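Summary of structural features
Spelled out from the first residue to the last, the chains are:
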Amino acid sequence: MTQTGPSVLEADALEGVLATALQRVDRREALGEAQVAVLEAAVNIVRAGQPEFAELPLERTELLREALGAVRAATVATGVALTYAHQTVRRPG
């Protein structure tokens, strides 16, 4: 059985970063939501690459589905943050 991604320790470290972000990031702002969503996607993608999930295809599929949802959310939130940043730059001072 081969591993296709980072180790369990690396996945745990990502989860620690996500937990910290959930405490410190303002998700009411689009940029904050994008940051959290990207971290959620990373955790799920890394977990799905761990060897134990190679033998659990339903669980791996669910992790990947959740990662895809988080990536979609990050894309939308980043687009909103970009639009807001662009509007802020264009406002006369």
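It should be noted that the structure appears before, not after, this text.
Report follows, based on the coordinates. (Residues numbered from 1 in each chain as written. Predicted model: local features only at pLDDT ≥ 70, side-chain atom pairs only at ≥ 80, totals over all residues. Heavy atoms only, no water.)

This part covers the pattern of salt bridges. Counting across every chain of the model gives 5 salt bridges. Here R28 ties to D26 by a salt bridge, and the two come within 3.0 Å at their closest N and O atoms. You can call D26 partly exposed: its relative accessible area is 31%. Between E62 and R65 there is a salt bridge; the shortest N-O distance is 3.4 Å. Of the two residues, E62 and R65 both sit in helix 4 (residues 57-90), 3 residues apart, roughly one turn of that helix. What makes E62 partly exposed here is its relative accessible area of 35%. Where salt bridges share partners, they join D12, E15 and R47 into one cluster. (Salt bridge = Lys/Arg side-chain N within 4 Å of Asp/Glu carboxyl O. Buried < 20%, exposed > 50% of the residue type's maximum accessible area, 1.4 Å probe, protein only. Helix = DSSP H or I, 4+ residues; strand = E, 2+ residues; numbered from the N terminus.)

Following both chains from N to C, one finds helix 1 (residues 8-24) and helix 2 (residues 30-48) inclined at 160 degrees, their axes separated by 9 Å at the closest point. In terms of their interaxial angle, helix 1 and helix 2 are classed as roughly antiparallel. Regarding helix 1 and helix 2, the two cross each other, and that crossing is left-handed. Contact with helix 1, carried on its side by V8, A11, D12, L14, E15, V17, L18, A21 and L22, involves V36, L39, E40, A42, V43, V46 and R47 of helix 2 and no other residues of that element. Partitioning the contact of helix 1 with helix 2 into residue classes produces 12 nonpolar, no polar and 4 charged. (Axes fitted to C-alpha atoms, helices over the stretch in contact; angles between N-to-C directions. Parallel < 35°, antiparallel > 145°, perpendicular 65-115°, else oblique. Left-handed = near helix turned anticlockwise from the far one by under 90°. Contact = heavy atoms within 4.5 Å. Nonpolar A, V, L, I, M, F, W, Y, C, P; charged D, E, K, R; others polar.)

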